[in-house]
Structure formats: structure tokens, C-alpha cells
Amino acid sequence: MDTESLHLLEDGLRKTMSAASGHELDASLADLGWLEMLDEMPETAIPLVFRLLGETGAHAPILNDVVLRAAGRAGGGTVPLPFTGGSWILWERSDGPSSALGNDIPVHRVDQGDLVPVGAGRHALGWWLVGASRTMLSLARQHAVDRVQFNRPVASFQAIRHRLAETLVAVEGAEATLWAAAAEPDELSFILAKAAAGRAALTAARHCQQVLGGIGFTAEHELHRHIKRALLLDGLLGSSRELTREAGAVLRTKGFAPRLAQL
């Protein structure tokens, strides 16, 4: 796909996600040819679509499609997915009430399902986490620019600048890791990419909440939705803490550490 076509696709997807979420967005993405994109150009579709989900704050159960396709099964359905702590969840393709995070996403705990390949799913979640992290950083930055204390924007205070800078470094590093994993896809690359993205999202949540202060906790401000979403996505298919330990186990088995990216 050429650059102009990619920009047009991104604009169309962003508008769609800004106008719909949940089951409605799931149907809209199907009409836009999401499953065909996943089959024909996954290296473009997965980063683009899942990053935009994070940036817009929308959600759709399309992680099911990524995992099902990786398992050689048809998309459009659901599949039990491992969650942190040894539990399993089902991301339903409906807008029914949820058992998690205040009905934000139709996710329910289920009994353990069949083992399915999760590498591509971890890669997709990594991009979703990066997109959410960038939006949290943007919200915090704008607040720091607009908020005035002692006749100065709080963005001029060193403590605020350090928090924003640390968040940006974490997000940029996670995105680079995701691109490196896409270039050389294997189990360890996807583990490290998802772990880096989860850790970046948790860093963004912590620092951006501190920058916004009390307003970041309110229902009127959108930061809290992105934080809750990041907590859920980090735990799905293995949390950053669990995946770091899993990567260590893989490295011990291999006996060497492969180069993840050429610097």
C-alpha cells in the first residue's frame, strides 16, 4: 500500500473509531474489510488499527480475530484468552454488561480454554498499549501547558518536565521494540515487545496521573478511561511483569540473548 492510500485509510479508521465503539465499531470495521486486511496485509493492519484503538479510546473485540487467524481458524468469533494470574477471560462480541472495569469492555472470566498461539495477539496488544500511552501523554502535556501556578505554566517546572520526558522515552522505546519484533517475528520478540509496551503504559499512567493531579481521577476527564484500559490490556496475554520472567526463562533455555534490534 502506498503512502497516500495508507494516510486515507488511517483517516477513515480514525473517524470511524471516533464515532463508534464496542459492537458498533466491530461491525463497522467488518464493513471496512478488517478481516481481509488482516489476511492480506497483517504487517500494516495490526499496527495501524490497534494503535488507533489506543489513541481514540475506542474498543472492539477484534483481538479475537488476530488470535483465531494465528491459530488457522476463521475470524468473527471469540476465543478464551489467558489473563494475568493464571486466569482466563472471554472478550464477547456484544455490548452486554462486563465483569471488569465498570462495564468498560465486555470481558468475563471463563474456565481455561484451549491453548492457542498468542504471539500475534501480544504484538497487537502492544500497539494498543502504545496508542493509549501516547494519548495519556498528550493529555498530560496539554494540561501542563494550560495549567498556571505562581504565574507560570506548570510545564515549566522541572519535576513536570522530567515526568513527561520519562514517559516519552518509555513509549518511544516500546514502539521501537514492536517494530523490531515485526521485522523478526518469533516467540521471544513478541514477549519482549508486549512487556515493553505494558511497562510503558504503566509508566504513562503513573506519571500522567501525577501531572494532572486530582482532575485526572474525575469522571469528567478522559484520563481515567485510558488508565483503566491500560491496566486491562497489560494483564491480557501476560502482564509486563510475567512476560519479563517468561523472557528470562526462554533466555536460560536458549543459553544466549539474541539481538532484538540493530542499533
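Just so it is clear, the structure is predicted and the values come from calculations on it, not from any experiment.

Glancing now at the packing of helix α8 (residues 187-212) against helix α9 (residues 223-235). Where α8 meets α9, the closest approach of the two axes is 10 Å, and the angle between their N-to-C directions is 155°. Put simply, α8 runs roughly antiparallel to α9. For the pair α8 and α9, the crossing hand works out as left-handed. The segment α8 lies against α9, with Lys194, Gly198, Ala201, Leu202, Ala205, Cys208, Gln209 and Leu212 engaging Leu223, Ile227, Ala230, Leu231, Leu233 and Asp234. Among the residues making up the contact of α8 with α9, the classes are represented as 10 nonpolar, two polar and two charged.

Take the nonpolar core next. Counting 69 residues, the largest nonpolar core has Trp34 and Phe50 as the members making the most contacts within it. No other element matches the 11 residues that helix α6 (residues 119-146) contributes to this core. Excluding anything up to four places from it in sequence, tryptophan 34 contacts Leu29, Ala45, Val49, Phe50, Ile62, Asp65 and Val66. Core analysis: the next-biggest nonpolar cluster, separate from the first, contains six residues, Leu188, Ile191, Leu243 and Val250 among them.

Of all eight residues making up helix α5 (residues 63-70), six are buried, and the element is well covered by its neighbours. Inspection of α5 places Leu63, Asn64, Asp65, Val66, Val67 and Leu68 among the buried residues, and these make up the whole buried set. Considering only its buried residues, α5 is in contact with α3 (34-40), α4 (42-56), β1 (81-83), β2 (87-91) and α6. Just beyond α5, the residue with positive phi is glycine 72, at close to 75°.

This brings us to the sheet that holds strand β3 (residues 107-110). Strand order in the open sheet formed by three strands is β1-β2-β3, with antiparallel pairing between adjacent strands. The sheet terminates laterally at β1 and β3, the two strands that pair on one side only. Between one strand and the next, the sheet's axes are offset by a mean angle of 45°, whatever the strand orientation. Note: β2 against β3, four bridges, orientation antiparallel. Within the sheet, the bridge partner assigned to leucine 90 lies in β3 and is histidine 108.

Turning our attention to helix α10 (residues 240-254). The terminal C-alpha atoms of α10 lie 21 Å apart, and with 15 residues this matches the ideal 21 Å at 1.5 Å per residue to within 8%. For α10, the full list of buried residues reads Ser240, Leu243, Ala247 and Val250. Taken down its axis, α10 places every buried residue within 75° of arc, on the same side. Counted as exposed and oriented over 90 degrees from the buried face of α10: Arg241, Arg245, Arg252 and Thr253. If you follow the buried residues of α10, they end up packed against α6, α8 and α9.

What follows is about empty space enclosed by the protein. Tallied over the full model, the rule gives one cavity of 30 Å³ or more. Within this model, the largest cavity holds a volume of roughly 40 Å³. Around the largest cavity, the lining residues are Leu53, Gly54, Gly57, Trp128, Ala132, Arg225, His226 and Arg229. Those elements that place two or more of their residues in the lining of the largest cavity are α4, α6 and α9. Looking at the lining of the largest cavity residue by residue, the classes come out as three nonpolar, three polar and two charged.

Moving on, we come to the packing of aromatic side chains. Throughout the structure, instances matching the rule amount to four aromatic pairs. Arranged with centres 4.8 Å apart and planes meeting at 70°, the rings of tryptophan 127 and tryptophan 179 form a pair that is edge-to-face. Here tryptophan 127 is found in helix α6, whereas its partner tryptophan 179 is found in helix α7 (residues 158-183), with 52 residues between them in sequence. Taken together, the ring pairs connect Trp34, Phe50, Trp91 and Trp128 into an aromatic cluster.

This part is about the environment of alanine 197. Considering the arrangement of structural elements, one finds alanine 197 in helix α8. Residue alanine 197 is classed as buried on the basis of its relative accessible area, which comes to 0%. For the pair formed by alanine 197 and isoleucine 89, sequence separation is 108 residues and the distance between their alpha carbons is 21 Å. Setting aside chain neighbours within four positions, we find alanine 197 in contact with Gly126, Leu129, Val130 and Ala174.

Calculation notes
Residues numbered from 1 in each chain as written. Predicted model: local features only at pLDDT ≥ 70, side-chain atom pairs only at ≥ 80, totals over all residues. Heavy atoms only, no water. Axes fitted to C-alpha atoms, helices over the stretch in contact; angles between N-to-C directions. Helix = DSSP H or I, 4+ residues; strand = E, 2+ residues; numbered from the N terminus. Parallel < 35°, antiparallel > 145°, perpendicular 65-115°, else oblique. Left-handed = near helix turned anticlockwise from the far one by under 90°. Contact = heavy atoms within 4.5 Å. Nonpolar A, V, L, I, M, F, W, Y, C, P; charged D, E, K, R; others polar. Core = buried A, V, L, I, M, F, W, Y, C linked by side-chain atoms within 4.5 Å. Buried < 20%, exposed > 50% of the residue type's maximum accessible area, 1.4 Å probe, protein only. Pairing = 2+ DSSP bridges. Expected span 1.5 Å × (residues − 1). Arc of directions from axis to C-beta. 1 Å grid on protein atoms, 1.4 Å probe; cavity = no way out; pocket = protein on both sides within 12 Å on 5 of 7 lines; lining within 4 Å. Points joined across faces, edges and corners; volume = space filled by probe spheres on them. Phe/Tyr/Trp six-rings, centres within 6.5 Å; stacked < 30°, edge-to-face > 60°.

Spatial relationships are all this shows, so hold off on functional conclusions.
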